[in-house]
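# Architecture at a glance
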Amino acid sequence: MRRRSPIFSVWSLARAAAFAGILFAVGCDRPPREIPGDPAAQAAAVKSFADARVSELEAPDSWLSLIGLDWLDRPVMTIGSAPDNDIVLPSTAPAQLGQFNSDDQGVMFQAAPGLRVVQGVDSTLDLPAGTGALPRDTTADPVVTAAAMAQDVGPGKFVVLRHGPINWIVIRRSQRWAVRLRDNAAERYKDFHGIERFPTDEKWRVTARWIPHKKTVAVPNFIGTVAEVESPAELHFWIDGRKMTLDVPGGPDHGRYMLVFADSTSGNETYGGGRFVWIDGPEKP
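Presented here is an overview of the structure given in this document. The shown structure was predicted, so the numbers you read here are calculated from the model rather than taken from an experiment. (Residues numbered from 1 in each chain as written. Predicted model: local features only at pLDDT ≥ 70, side-chain atom pairs only at ≥ 80, totals over all residues. Heavy atoms only, no water.)

When you go through the protein residue by residue, the secondary structure sums to 2 helices and 19 strands. Across the 285 residues of the protein, 41% fall into the buried class. For the protein, long-range pairs separated by at least 24 residues make up 61% of all intrachain contacts whose partners lie at least 6 apart in sequence. Working note: accessible area of the protein is about 16100 Å², and carbon and sulfur atoms make up 53% of it. (Helix = DSSP H or I, 4+ residues; strand = E, 2+ residues; numbered from the N terminus. Buried < 20%, exposed > 50% of the residue type's maximum accessible area, 1.4 Å probe, protein only. Contact = heavy atoms within 4.5 Å. Areas by Shrake-Rupley, 256 points an atom, 1.4 Å probe, with all protein chains shown as cover.)

Below you can see the structure in the form of structure tokens.
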């Protein structure tokens, strides 16, 4: 049985290949036979991805709408624009929007009397980057006065409550509940004029070997803790004559694996959290 290596690409003008984190130089074996590619097709694919990324950010409920992440660290917490609320919203929101009641089992939201709050299902922020803008139709969402926000509505989906341009979901991280707030009238939308990116560089298209293994790798998250996740394989590839390996953290998401690494541009010319590359798994023989 033989598996063909999946191909992944990193597009950067940075000349340094001193990757940090889980990408590191090791011994010198023979590089795999390069899988031929089409530079024009690759450039077109990168542009298509970039265009889709911009369109999804310009759409409602995107990461541009994110205005807050508040931890529910007390059993009862109020929310609204009045400054005495536990969670304070922009001045355009009602003074009292409602309150959250939380425990280890879940989170209930109770709307303030007389407010129109509708309940739906949302998966926008859980979709792979480059999906593009999705149509948003909330006209059939029912009006509610209370809602169980931590109920299971499907993989990667969340109960979402909306009042005007503001909406919120509840997420769980390291046994803690948090409210993720979005405002589709946020000023950030007006200030967004696309994403700067490096030109596509064929040098960073590499052929890698998929080497199955069973181990766990440490993956830090945004709240400062580290999670141990299973790694199904590591990739072996060469850059400037040096062998590199990269662990594949976690299983497939929407049919693809996400790779995470850092390089000398991280936090300077590129996002400080690292680079993210999505690849297909190895082809079946």
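Now, onward.
With respect to the secondary-structure elements, R205 resides in strand β14 (residues 205-207). For the buried R205, no salt bridge is present, and the opposite-charge side chain at shortest range is E34, 4.2 Å distant. A polar atom in the side chain of R205 sits 2.9 Å from the backbone oxygen of I35. Separated by 3.4 Å, the side chain of R205 and the backbone oxygen of P36 make a polar contact. (Lys, Arg positive; Asp, Glu negative; His and termini not counted. Salt bridge = Lys/Arg side-chain N within 4 Å of Asp/Glu carboxyl O. Polar contact = N/O pair within 3.5 Å; in protein donor to acceptor, adjacent residues only side chain to side chain.)

All chains considered together, the criterion is met by 4 aromatic pairs. Above the face of the W177 ring, R172 is positioned so that its terminal group lies 4.3 Å from the ring centre. The ring of W71 carries R176 above its face, with NZ or CZ at 4.0 Å from the centroid. (Phe/Tyr/Trp six-rings, centres within 6.5 Å; stacked < 30°, edge-to-face > 60°. Lys NZ or Arg CZ within 6 Å of the ring centre and 35° of its normal.)

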